[in-house]
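Breakdown of the fold
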Amino acid sequence: MPQKIIIDTDPGQDDAVAILLALASPELEVLGITCVAGNVPLARTSRNARVVCELAGRVDVPVYAGCDGPMRRSLVTAEHVHGKTGLDGADLPDPTMPLQPTHAVEFLIDTLRAEPAGTVTLVPIGPLTNIASAFERAPDIISRVQRIVLMGGAYFEVGNITPAAEFNIYVDPEAAEIVFRSGVPLVVVPLDVTHKVLTTPARIDAFRALGTPVGDAVAGWTDFFERFDMAKYGSDGAPLHDPCTIAWLLRPALFAGREINVEIETEGRFTTGMTVADWWGVSGRAANALFLGNVDADGFYALLTERLARL
Ligand code: RIB
Ligand code: CA
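So, here is what we can say about the structure in this document. (Residues numbered from 1 in each chain as written. Chains lettered and ligands numbered in written order. Predicted model: local features only at pLDDT ≥ 70, side-chain atom pairs only at ≥ 80, totals over all residues. Heavy atoms only, no water.)

**Remarks on the side chain of Ser 133**
Formally: Elements are defined by DSSP. Helices are runs of H or I of four residues or more, strands are runs of E of two residues or more, and each kind is numbered from the N terminus. A 1.4 Å probe rolled over the protein chains alone gives each residue an accessible area, and that area as a share of the maximum for its type sets the label: buried under 20%, exposed over 50%, partly exposed in between. The criterion used for residue contact is that any of the two residues' heavy atoms lie within 4.5 Å.
Structurally, Ser 133 can be placed in helix H5 (residues 129-137). Given a relative accessible area of 13%, Ser 133 falls into the buried group. Leave out the neighbours within four places in its chain, and Ser 133 touches Cys 67, Met 71 and Val 105.

Here's what the structure looks like:
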């Protein structure tokens, strides 16, 4: 039986690659894609998710628009990284498939109530506003969630949007606090992992060598996406953040981590949005997350490229 998942996303080139990896993998059944404001505003993320579904030939996947801003704060976006459209780097046509009329938060609630308890995994790869809003509006669904596998946070890599905070958590720290304190089993894919899966020229060439519209789009996106991180870190490519969540679901042995306590700073003068990860177990606070710390980068790219070749 395929693993049922809902991808909650703010595409974003790396989100787009994560969606493609999921749609290329028969081990997973994508019940729906819920969009949130993050990298770019909601109108663009909800457009971009449909662009990606059409690129994958999967107009059957329902796409929902969700929250257009954080629960308690004003929206922070990242056009400086992703470009104005959020999918700069590949020139793809406007989508023809419609958005679903239901709000993403309602879809999350309805689906978790309808599916057998403990059978649906949530895969948030943007700010956690939709997930936290669903939990606040319908607390009964929390215990029905099988697991949350999220991209967000950092410990050794510290911050990417501020010196202390990673973008997805920083945009909506109150939402992150609700998710991290929910009691739902969490798998956290932080910058500590994603900064180890860089889009090197050889890896981008392998995407382009696929010779397909998908391969060309992914090569174009990663070419564009990497310029910011390479200038900032002087690295040999950009971290391909979001597909790591899907790769963990497909092949967890590619990753390593620890069950630790992770709290979210929501009031720090300089540290708001920080994931306070107790990697060394000094706090005495109960573990609430499998916090990943390492990845087999070559294995990750081999899996990703092989799966993209199927689309
Ligand atoms: O910090 C990286 C995360 O922020 C990724 O999910 C990227 O898509 C952006 O949303
Ligand atoms: Ca994202």
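Here the narrative resumes, following the displayed structure.
**Here we look at helix H2 (residues 42-55)**
Note that an α-helix has 3.6 residues per turn; residues three or four places apart therefore point the same way. Note the cut-off: The length a helix should cover is 1.5 Å for every residue beyond the first.
In this model, H2 (14 residues) spans 20 Å end to end at C-alpha, consistent with the 20 Å of a helix rising 1.5 Å per residue. Along H2, the residues classified as buried are Leu 42, Thr 45, Ser 46, Asn 48, Ala 49, Arg 50, Val 51, Val 52, Cys 53 and Leu 55. Against helix H1 (13-23), strand E2 (28-35), strand E3 (63-65) and helix H10 (213-233) lie the buried residues of H2.

**What about the sheet that holds strand E7 (residues 255-260)?**
Consider a sheet: its strands pair through backbone hydrogen bonds, and that pairing is either parallel or antiparallel. Note the following rule: Strands were regarded as paired on the criterion that DSSP finds at least two bridges between them. Between N-to-C directions, angles span 0 to 180 degrees; the directions come from axes that are lines fitted to C-alpha atoms, helices contributing only their stretch in contact.
The strand order across the open sheet built from eight strands is E3-E2-E1-E4-E5-E6-E10-E7, with neighbouring strands paired in mixed fashion. Across the chains shown, the open sheet's two edge strands, defined by having one partner strand only, are E3 and E7. Averaged over all pairs of adjacent strands, the angle between strand axes in this sheet comes to 25 degrees, irrespective of strand direction. Sheet topology places strand E1 (residues 3-9) next to E2; seven bridges connect them, and they run parallel. Of the residues in E2, the one forming a bridge with Ile 5 is Val 30.

**Description of the coordination of the calcium ion (ligand 2)**
The criterion, for reference: Each metal site lists N, O and S donors within 2.8 Å (3.2 Å for Na, K and Ca). With water left out of the atoms, a site can look as if it is missing ligands.
Around the calcium ion (ligand 2), the protein contributes the donor atoms Asp 10 (OD), Asp 15 (OD), Asp 15 (OD), Ile 125 (O) and Asp 242 (OD), which lie 2.2 to 2.5 Å from the metal centre. Sequence positions of the donors to the calcium ion (ligand 2) reduce to the motif D-x4-D-x109-I-x116-D. Residue Asp 15 is found in helix H1, and its partner Asp 242 is found in the loop between H10 and helix H11 (243-250); the two are separated by 227 residues along the sequence. With relative accessibility at 0%, the residue Asp 15 sits in the buried group.

**A look at the site of ligand 1**
Quick reminder of the rule: For this purpose, a residue is taken to be near a molecule or strand whenever a single non-hydrogen atom of the residue falls within 4 Å of it. Within 3.5 Å is the distance limit for a polar contact, defined as a pair of N or O atoms, with the added protein rule that one can donate a hydrogen and the other accept it, and that residues adjacent in sequence qualify only through two side-chain atoms. Residue burial considers only the protein chains on display, and all accessible areas are found by Shrake-Rupley using a 1.4 Å probe. Under the scheme applied here, ten amino acids are nonpolar (Ala, Val, Leu, Ile, Met, Phe, Trp, Tyr, Cys and Pro), four are charged (Asp, Glu, Lys and Arg), and all others, including Gly, are polar.
What surrounds ligand 1 is a group of 13 residues, the closest being Asp 14, Asp 15, Asn 160, Glu 166 and Asp 242. Interatomic distance of 2.8 Å between a side-chain N/O atom of Asp 15 and an oxygen atom of ligand 1. Take Asn 39: an N or O atom from its side chain is 3.1 Å from an oxygen atom of ligand 1. Coverage of ligand 1 by the protein amounts to 97% of the 270 Å² it exposes when considered alone. Broken down by secondary-structure element, the contributors of at least two residues to the shell around ligand 1 are H1 and helix H6 (167-171). Classifying every residue of the shell around ligand 1 gives three nonpolar, five polar and five charged.

**Concerning unusual backbone geometry**
Look at the link from Pro 11 to Gly 12: it is a cis peptide, with omega at -20 degrees. Secondary-structure assignment places Gly 12 in the loop between E1 and H1. Phi is positive for Val 158, close to 55 degrees, though the residue is something other than glycine. Here Val 158 shows up in the loop between strand E5 (145-151) and H6. Since its relative accessible area comes to 36%, Val 158 is described here as partly exposed.

**What to know about the nonpolar core**
Basically, it comes down to this: Nonpolar cores are built from buried Ala, Val, Leu, Ile, Met, Phe, Trp, Tyr and Cys residues. Side-chain atoms within 4.5 Å join them into one set.
The biggest cluster of nonpolar side chains holds 62 residues, and the ones touching the most others in it are Trp 221 and Ile 246. Excluding residues that lie within four positions of it along the chain, Trp 221 makes contacts with Gln 13, Ala 16, Val 17, Leu 20, Val 52, Leu 55, Leu 87, Asp 88, Gly 89, Ala 90 and Leu 92. The next biggest cluster of nonpolar side chains, apart from the first, holds 38 residues, and it includes Leu 31, Leu 122, Val 145 and Ile 169.

**Some details on the pattern of salt bridges**
Rules: Definition used for salt bridges: Asp or Glu carboxyl oxygen within 4 Å of a side-chain nitrogen of Lys or Arg.
This structure, assessed with the given rule, holds 15 salt bridges. The closest approach of N and O atoms between Arg 307 and Glu 27, which form a salt bridge, is 2.8 Å. Of this pair, Arg 307 sits in helix H12 (residues 297-308) while Glu 27 sits in the loop between H1 and E2, placing them 280 residues apart in sequence. Overall, Glu 27 belongs to the partly exposed group, its relative accessible area being 32%. Between Asp 60 and Arg 58 there is a salt bridge; the shortest N-O distance is 2.8 Å.

**Focus on the environment of Thr 119**
Structurally, Thr 119 can be placed in the loop between helix H4 (104-114) and strand E4 (120-124). Residue class for Thr 119 comes out partly exposed when judged on its relative accessible area of 25%. For the pair formed by Thr 119 and Leu 303, sequence separation is 184 residues and the distance between their alpha carbons is 25 Å. In this view, Thr 119 contacts Gln 3, Lys 4, Arg 144 and Gln 146; residues no more than four positions away in its chain are not counted. A distance of 2.6 Å separates a polar side-chain atom of Thr 119 from the backbone oxygen of Pro 116.

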